[in-house]
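The residues making up each chain are set out below.
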Amino acid sequence: MKTTITRNPLSALLLIACFMQFTANGQASGANVSQALYSNVSLGKTATASSSDDATHAAMYAIDGKLNTRFSSGYNDNQWLSVDMGKAYLINTIILTWEKSYGKDFDILFSNNGTFTDLYIDSIRVRNHVLTNNSIAGTDTITMKGGTVARYVRMQGIHRATSNGYSIWEMQVMGASSSAGLFPVSVTGFTATAQSNTSLLEWTTVTEYSNAGFSIERSNDAVNFSPIGWVISRNAGTVISRYAFTDKQASAGKNYYRLKQTWLDGKIGYSQVIAVNLTGNSAVNAYPVPVKDRLVIEYKGAAGENISITLFNASGFPVYNNKQVVQSGQQTIIINRTANMTSGEYFLSISAAGNKDYTKKIVLQ
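Source: prediction; values computed, not measured. (Residues numbered from 1 in each chain as written. Predicted model: local features only at pLDDT ≥ 70, side-chain atom pairs only at ≥ 80, totals over all residues. Heavy atoms only, no water.)

Peer 1: So what's going on with the overall build of the chain? Residues and values would help.
Peer 2: Along its length, the chain carries one helix and 26 strands. The buried share among the 365 residues of the chain stands at 49%. Of the contacts formed within the chain by residues at least 6 apart in sequence, a portion of 67% connects residues at least 24 apart. Element-wise, carbon and sulfur atoms account for 49% of the exposed surface of the chain, whose accessible area totals about 16,400 Å². (Helix = DSSP H or I, 4+ residues; strand = E, 2+ residues; numbered from the N terminus. Buried < 20%, exposed > 50% of the residue type's maximum accessible area, 1.4 Å probe, protein only. Contact = heavy atoms within 4.5 Å. Areas by Shrake-Rupley, 256 points an atom, 1.4 Å probe, with all protein chains shown as cover.)

Peer 1: How would you summarise the sheet that holds strand E26 (residues 356–364) if you had to cite specific residues and measurements?
Peer 2: Strand order across the open sheet formed by four strands is E23-E22-E25-E26, with antiparallel pairing between neighbours. Strands at the two margins of the open sheet, each flanked by one partner only, are strand E23 (318–325) and E26. Going from strand to strand, the sheet's axes swing by 15 degrees on average, the running direction of each strand aside. Direction of pairing for strand E22 (residues 306–313) relative to strand E25 (residues 344–352): antiparallel, over a ladder of seven bridges. For Ser308, the partnering residue across the bridge sits in E25 and is Ser351. (Pairing = 2+ DSSP bridges. Axes fitted to C-alpha atoms, helices over the stretch in contact; angles between N-to-C directions.)

Peer 1: Summarise the packing of aromatic side chains; cite the residues concerned and give the values.
Peer 2: Inspection of every chain in the model, using the stated rule, returns eight aromatic pairs. When the ring of Tyr120 is compared with that of Phe312, the centres are 5.6 Å apart and the planes differ by 55 degrees; the resulting orientation is tilted. Of this pair, Tyr120 sits in the loop between strand E7 (103–111) and strand E8 (124–126) while Phe312 sits in strand E22, placing them 192 residues apart in sequence. Among the residues examined, Tyr120 registers a relative accessible area of 12% and is labelled buried. (Phe/Tyr/Trp six-rings, centres within 6.5 Å; stacked < 30°, edge-to-face > 60°.)

Structure representation (structure tokens):
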């Protein structure tokens, strides 16, 4: 995760309304990039925190738009600051203006129901962070993943940079709202075609206004869907627009897909569910289901490929980290269960060079 540090925090604070471009993880060929008006949708909303060091440093002072008031947490690593915007927004950027007691390692988490587990895949990790130790240490401008729509945002501390807590002058959430009326987005011809080990998804819109874009979601059981890509809309009005997305990480067997369409004001809608059957092999296989004593992971890749394996609990904390070099095109990794791996849902993340990122939900019995 690349974090941009702005050395003039006042200029960041004054960034109340600006035009910024969407970024796409799976943009359709030839699509025009839409622009949306982003503003600080967290300003004056409801803020909560795990703790504060005193009443003058409460959570609300991180979202009051002032650089002479701040939030400061209790003096340990596992602290957080959350804001409830009151409704879901399409989020482009999080801006954190830190006091000298900043976060060395922290996560940005999102949620639509307040649990911070429902939108885990949209979370952003910042590690080995270095700022100054001035009264205003610096400003982080953190760009979100394409198509991030959330009502709640949390800064979850992992490790502090000092012996104090986490101290933030301002936390801004730059979200998009549409001032135009909400027009329908009519999707037709949504199809999936098997192509060796990939799925080609294609769809057409015949009416398209005020649309941020499409999140492509995949499932192995037609019930539990996870986002795998984002395609920016063209907003061509009543002109027919054709889109395509290739799923390069589809599993062998039947894969189910749907489109989650997102308007600029955060409203969403879903397409019908379609299916395609692949005969190729999945890059990642994990078993047993559920896990009792140990988790076995099989990864298929290029010999000599370096992979990073992390197992996160439902709160987004890593309970296992390891790095491996793939041997002979396949690597088997065994994670033995430890005392901190309590029963519940976990998320297995495997990443490698070339933008290879695999995420699987794991259940521990």
